[in-house]
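Close look at the chain arrangement
The lines below spell out each chain.
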Amino acid sequence: MLTLDATWHDAVLLVWGHASDGVSVCAESLRDFLGEACDDALLASAATAQNVHREGGGDLQALQFAPDQAADLLLSLPQDGRLGDSVRFFTVLARFVMDRVQGGQFYPSIETGTDDRTVATWRPLISGTDEVAWLRVMAQRLPAPARILLPADAPQEAWETNIESFVGAMTDALVRRATSEDPFFARAADKCRMPDATDDMRWMAGLLAADRLVEDPTPKMVEAIRQWTSVLELWHHGGSLRLAFELIEPDEDTDPWHVKFQLDPADADAEPVDASTLWESGAALPAILGRALLLRRQLLLEELTRAGDTWPVLKRLDDPAPCEVEINSAEAIAFIRQWAPRLREAGFGARVPDWAQESPRQITMQMALRPASQDQEVLDPATDGAGRVARSADPSEIGSGQMGLGALMEFDWQIAIGDLRLSDDQFRDILSRQQQLVKVDGQWVEVDTDAAEKAMQFLQENRQGSLSLGEALRIAHGTTRAETGLEISGLVGSQWIQQLLRQTPDVQVEELNQPTGFQGELRPYQLRGLQWMAFLQRLGIGACLADDMGLGKTIQLISLLLLEREISQKRAEALGGTNGEAVGHGVGPTLLFAPTSVLSNWVREVARFAPNLKTLSHHGTTRLHGQEFRDAVGAADLIITSYALATRDVEDLKSINWHRMVLDEAQKIKNPSAGSTLSIRSIPASHRIAMTGTPIENHLSELWSIMEILNPGLMGTAASFRERFAVPIERLGDASRGEHLRSFIRPFVLRRTKSDPTIAGDLPEKMELPVYCNLTVEQASLYQRITDEMLGQIDSASGIRRRGLILAALTRLKQICDHPMLLSGKVAGASTDTETDGRSGKCERLVEMLEEVVEVGDNALVFTQFKAMGDILEQVLTKRLGVPVLYLHGGTPAARRDTMVQQFQDPASGVRVFLLSLRAGGLGLNLTKANHVFHFDRWWNPAVEQQATDRAHRIGQTRTVQVHKYICIGTMEERIDRLLKEKVDLADRIVTSGDDWLTGMSSEELRKTLALSDEAVEDYQGNT
């Protein structure tokens, strides 16, 4: 059986055959086998045949095929066993070329031939590294018969050159044949041969003619064409690459820095190519397979030239094979802060070390504290070293002057760069190096020489001294750059000072177990809260427990009361005493202020979790006074009273030296000048705790009011606090002041939210779902009329009157969105069905949704801020749902309130819907039976809405809580809903706000906010 072999040599394909015994066949036999495919094929020269004969053996005769003939032959041969490996190899390459030509992947070029003549040629467009890699692999697999005319010791590059020649010649032949067969190109070729032809026309003639010759080429023409084709090749070979710069840090700060050049692939997962690798290979490279490397070199050089227009340092490069540039520390800083961003904007890559990606670490001053007395040095909350309970483990111990905010501290100023604290010697050493980037303790530090000089001057003028811890806190967090020339970055300390300053929600300050008398189990974060309050109590420092609503602040306080009594009891027994009542062992009573609406809730919670604690409810007309009051207090552990009585009964309350004062819902004393706030400040108490889910509702002054009761004088006067913190943060948006305030209050405020990872797992999911409702025609008409009337009055008003008009407009428009009856002043209970039904889009939607809630067996809370709206809803829901509806509002008696809560929580009661006014039912109630919360109208303060939602979404809830927020489409409610989502920023940044943000709007802003949308107007007019 005849077998074909082939090789590529001198721009022709040589084909020969041999029988199964290896004997070569003659040319005639070969022609008979190939048929018409070889009609025009020539017999190879005697010299060529002799070379093949010498290598292959036998009397060999070979046929030679020009490139276009070779393509026809290879693509027409039957794919059977008669094709040798070499023929199959070139067939694969021929198909590769044909695919590229048919896909238009070729371009015109110009070359100098072996006879020094200039010829035009068509080149294959190898457009990706994958194709280059494939061709290289093909060259490595070049079969032995195909290498028969190559020297035996020919290197791999020679094999690749052979493949390049075949692919290039066949591309040119196929494109040229296609153009020659087209009449248009034939006419173009003739025209390009005319005597007056331009340079580019003569080049075109060479591309279209069979002989490829470019007549009378000028050097300018050749250079222009080569530049054009070079750009094309660069785009395809290197278009997926970009020049990048990487800053390399030295081992020591005295050594130079380097910026390394690289080419980045488009594939983000691919490794960058260092410039050094582009210059490692030798100069002799195959034209196609090595072209990618050559073009990358060219890309590197051209892009370095372009980058020099952005980064001037590159202009000093004189290396013909550049890999990097050497720079000093000042230039390294400039690269990090200035040139790297500009290079990125210009389309280059620019990489810097991780530390350099952060903002420059400023030189700041820190106040380092240590206790002035040796007795203050150790605070071991657990044992005294011998395994015995240490005396300091008693939470009931009052912090003396030796500890706490009044403790005398010795201080020293330290220089810090970022979080790196430096000794004087270290800082002097840094200055002596005269480098703008220095290495300290393995970290690179950027040195601002002006700030460094100010720091040294500050040290020389402000050395050691002594002051109280409270004074140190005020200085460290209140001092500004304008006063010192430097930022004061806070305090550092040792022993208990360090524990205090580093307070964060996830830091455990001490080991304390849940008190044995607690009837329940504290969750880990609740135990952490107990430990934190006990720690601050031993220091004599007031604490603000600011957990989200529903996370169990109540039981954390109850646990603290139990814990200190149990420890006091054990100490008395250890000292040989008898088992007496806890109040007889030095733990005095706790006075707790709470809103009137939650007093009975506190009584029930204490009875549930700590039945051994004796509780006195100081409330109502039967409350005690004078000596009777003092006697009753002496026999109780916890006295519960309301904020409303703080002023009325202040003399009775001041007559007791309270062990502790607790402020539940502490935002109630947010007004520092209110009578109840001033009265509470005057009541003596050894320890103070504030409990609130919203330490800031509207303004930072509320935080000051709470802290002034907890730790008097800590935050300075109200005026100084406003100047140093409130104005810069609230009005000027000063982030630095905000961070100072956050650091200032961190030791005294423990804030955990339901989104904290350690807490979220203990709570069910909450889904907040907006419910968009349409106004009825009547509502829309009223809304438009009131808007026009009120905006006219507001435009002509100013000052307090303008604010009052705005609030009145907002209230009336909210009432219209709820129900038109709210404007009439009629009592809902006396109204008829025709006066209530069908007049409010919200009402109708609420009835529809509650029907579904009741049908599937769920339970719901419905909140409204208007008492009259609650009356309407009570009538409508009772009639149309056919189930009992409870309604709790500000006029509900306390006893009736408690009964309502118990009735709703009781599964056997059959009550499915609980209607509440936002003010009366928005806090202090545990209503976990509900798994739906409806906000029928929106409060301007998102914190208040959140408190109401937390009546259901709290510890004890086992189901997903769905929160439905009703919004009338096209009205101010829809626009304000968007604003509400942006309004929670202040509280989140510092440890949330009222009507001021609305009343401060300009007339234009108000008009945009209040007016019906154009779409809404068209909709309601269409329904008229």
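Residues numbered from 1 in each chain as written. Predicted model: local features only at pLDDT ≥ 70, side-chain atom pairs only at ≥ 80, totals over all residues. Heavy atoms only, no water.

A word on the overall build of the chain
Quick note on the threshold: Going along the chain from the N terminus, every DSSP run of H or I of four or more residues is numbered as a helix, and every run of E of two or more is numbered as a strand. Computed with the Shrake-Rupley method and a 1.4 Å probe, the accessible areas treat only the protein chains shown as cover for residues.
Of the regular secondary structure elements, the chain holds 41 helices and 31 strands. Of the roughly 45,100 Å² of accessible surface on the chain, a fraction of 50% belongs to carbon and sulfur atoms.

Details of the sheet that holds strand E19 (residues 543-545)
To keep it simple, the criterion reads: Two strands make a pair as long as DSSP finds a minimum of two bridges between them. We call two residues in contact whenever any of their non-hydrogen atoms come within 4.5 Å of each other. Only the stretch in contact is used when fitting a helix axis, every axis being a line fitted to C-alpha atoms; angles between N-to-C directions are given from 0 to 180 degrees.
What the seven strands build is an open sheet, ordered E21-E22-E20-E23-E24-E19-E25; its pairing is parallel. Only two strands of the sheet have a single neighbouring strand rather than two, namely strand E21 (615-618) and strand E25 (749-750). Those strands touched by helix H25 (residues 700-710) are E19, strand E23 (658-664), strand E24 (685-691) and E25, and its axis lies near 155° from that of E24.

Some points on the packing of helix H19 (residues 553-574) against helix H20 (residues 599-609)
Let me state the cut-off plainly: The cut-offs work like this: below 35 degrees is roughly parallel, past 145 is roughly antiparallel, 65 to 115 is roughly perpendicular, and the gaps in between are oblique. Each crossing gets its hand from how the near helix is turned against the far one by less than a right angle, where anticlockwise is left-handed and clockwise is right-handed. The classification used treats Ala, Val, Leu, Ile, Met, Phe, Trp, Tyr, Cys and Pro as nonpolar, Asp, Glu, Lys and Arg as charged, and all other residues, Gly among them, as polar.
H20 packs onto H19 with a crossing angle of 55° between their chain directions and a minimal axis gap of 10 Å. Taken together, the axis directions place H19 and H20 in an arrangement best described as oblique. Taken as a pair, H19 and H20 cross one another with a handedness that is right-handed. Of H20, the residues touching H19 (which contributes Thr554, Ile555, Leu557, Ile558 and Leu562) are Trp602, Glu605, Val606 and Phe609. Across the contact of H19 with H20, the residue classes break down as seven nonpolar, one polar and one charged.

Examining the packing of helix H7 (residues 183-192) against helix H8 (residues 199-208)
Across the interface, H7 lies against H8 with an axial gap of 8 Å and an inter-helix angle of 135°. It follows that H7 is oblique to H8 by the angle criterion. Crossing of H7 against H8: the hand is left-handed. Note on element contacts: H8 touches H7 through Met201, Arg202, Met204, Ala205 and Leu208, opposite Phe185, Ala188, Ala189, Lys191 and Cys192. Residues belonging to the contact of H7 with H8 are distributed by class as follows: eight nonpolar, no polar and two charged.

Description of the sheet that holds strand E1 (residues 3-9)
Whenever strands of a sheet pair, they do so through backbone hydrogen bonds, lying parallel or antiparallel. Read from one edge to the other, the open sheet built from four strands follows the order E1-E2-E4-E3, with strand pairing classed as antiparallel. Two strands in the sheet have a free side with no partner beyond their single neighbour: E1 and strand E3 (42-43). As judged from the three bridges shared by strand E2 (residues 12-18) and strand E4 (residues 63-65), these two strands associate in the antiparallel manner. Across the sheet, the residue bridging to leucine 14 is glutamine 64, located in E4. Taken strand by strand, helix H1 (residues 27-34) contacts E1, E2, E3 and E4, and its axis lies near 50° from that of E4.

Structural notes on the pairing of strand E22 (residues 638-642)
Quick note on the threshold: Per-residue accessibility, obtained with a 1.4 Å probe over protein chains only, is compared with the maximum for each type, and a residue is labelled buried under 20%, exposed over 50%, and partly exposed between these values.
Most of E22 sits out of view: five of its five residues are buried. Along E22, one buried face is formed by Leu638, Ile640 and Ser642 and the opposite face, lined by Ile639 and Thr641, is buried too. As paired strands, E21 and E22 are joined by four bridges and run parallel to one another. Within E22, the residue paired with threonine 615 across the bridge is leucine 638.

Topic: a negative patch on the surface
Which entries qualify depends on this criterion: Patches were defined on residues exceeding 30% relative accessible area and lacking a salt bridge, with like-charge contacts within 9 Å and nonpolar side-chain contacts (Val, Leu, Ile, Met, Phe, Trp, Tyr) within 5 Å. Think of a salt bridge as a Lys or Arg side-chain nitrogen and an Asp or Glu carboxyl oxygen that are within 4 Å of each other. A residue counts as positive if it is Lys or Arg and as negative if it is Asp or Glu; His and the chain ends are not included. Charge positions come from single atoms, namely NZ of Lys, CZ of Arg, CG of Asp or CD of Glu.
Together, Glu249, Asp251, Glu252 and Asp255 give the surface a local cluster of negative charge. Among the secondary structure elements, aspartate 255 is positioned in the loop between strand E7 (241-248) and strand E8 (257-265).

Concerning the nonpolar core
Proteins that are soluble and globular tend to have nonpolar side chains buried together. The line we're drawing: Buried Ala, Val, Leu, Ile, Met, Phe, Trp, Tyr and Cys residues that are joined via side-chain atoms within 4.5 Å together make up what is termed a nonpolar core.
Counting residues in hydrophobic clusters, the biggest one holds 80 residues, and the most contacted among them are Phe593, Trp602 and Trp658. Among all residues touching tryptophan 658, those that are not within four sequence positions of it are Pro589, Thr590, Leu591, Phe629, Val633, Ile639, Leu653, Ile683, Pro684, Ala685 and Ser686. Counting residues in each nonpolar core, the second largest holds 50 residues, with Leu13, Leu63, Phe90 and Phe96 among its members.

Observations concerning the packing of aromatic side chains
Operational definition: Aromatic pairing here means that ring centres of Phe, Tyr or Trp (its six-membered ring) are within 6.5 Å. Orientation follows from the plane angle: under 30 degrees is stacked, over 60 is edge-to-face, and everything else is tilted. We call a charge positioned over a ring when the NZ of a Lys or the CZ of an Arg lies within 6 Å of the ring centre and within 35 degrees of the ring normal.
Counted by the stated rule, this structure contains 18 aromatic pairs. Look at phenylalanine 593 and tyrosine 643: their rings are 5.9 Å apart centre to centre, the planes differ by 25°, and that puts the pair in the stacked class. Of the two residues, phenylalanine 593 sits in strand E20 (residues 590-594) while tyrosine 643 sits in the loop between E22 and helix H22 (645-648), which places them 50 residues apart along the sequence. By the burial criterion, phenylalanine 593 is buried, and tyrosine 643 matches it. Here phenylalanine 904 and phenylalanine 914 contribute two aromatic rings whose centre-to-centre distance is 5.3 Å and whose plane-to-plane angle is 45°, an arrangement assigned as tilted. Pair noted here: phenylalanine 904 is in helix H34 (residues 894-905) and phenylalanine 914 is in strand E29 (residues 913-917), with a separation of ten residues, a long-range link. For phenylalanine 904, a relative accessible area of 0% corresponds to the buried category. In this structure an aromatic cluster arises from ring pairing among Phe245, Phe261, Trp311, Phe335 and Phe348. Directly above the aromatic system of phenylalanine 936 lies the positively charged group of lysine 842, at a separation of 5.5 Å from the ring centroid.

Side note on the side chain of asparagine 859
Of note, asparagine 859 is situated in the loop between helix H32 (841-855) and strand E27 (860-864). Taking the relative accessible area as the measure of exposure, asparagine 859 reaches 5% and is therefore buried. For asparagine 859, the residues in contact, after removing those within four places along its chain, are Val853, Phe904, Val911, Arg912, Lys929, Ala930, Asn931, His932 and Arg959.

Overview of unusual backbone geometry
The backbone phi angle of aspartate 10 is positive, close to 50°, even though this residue is not glycine. Even without a glycine there, the phi angle at alanine 11 is positive, about 65°. With respect to the helices and strands, the residue alanine 11 is situated in the loop between E1 and E2.

Describing the environment of glutamine 156
Turning to its location among the elements, glutamine 156 is positioned in helix H6 (residues 156-180). Considering only alpha carbons, one finds glutamine 156 and glutamine 140, 16 residues apart in sequence, at a separation of 7.2 Å. In this structure glutamine 156 touches Arg136, Ala139 and Gln140, once residues within four positions along its chain are discounted.

Here we look at the confidence of the model for the chain
Condition: In predicted models, pLDDT denotes the confidence assigned by the predictor to each residue on a 0 to 100 scale.
Overall, the predicted model of the chain reaches an average pLDDT of 78, with 75% of residues at or above 70. Across residues 282-289 the pLDDT falls below 50, and counting only partners more than four positions away or on other chains, this stretch makes 22 contacts in the model. Low pLDDT, under 50, characterises residues 579-585; the predicted model gives this stretch 15 contacts beyond four residues in sequence or across chains.

A few points about H1
Put simply, the test is: Directions from the helix axis toward the C-beta atoms define the arc.
Considered for burial, the residues of H1 that qualify are Ala27, Leu30 and Leu34. Taken down its axis, H1 places every buried residue within 60° of arc, on the same side. For H1, the exposed residues set more than 90 degrees away from the buried face come down to Glu28 and Asp32. Elements that come into contact with the buried residues of H1 comprise E1, E2, E3, E4 and helix H3 (67-76). Immediately downstream of H1, the backbone of glycine 35 shows phi near 70°, a positive value.

Considering the environment of isoleucine 696
Along the chain, isoleucine 696 turns up in the loop between E24 and H25. Taking the relative accessible area as the measure of exposure, isoleucine 696 reaches 1% and is therefore buried. For the pair isoleucine 696 and lysine 670, spaced 26 residues apart in sequence, the C-alpha to C-alpha distance is 8.3 Å.

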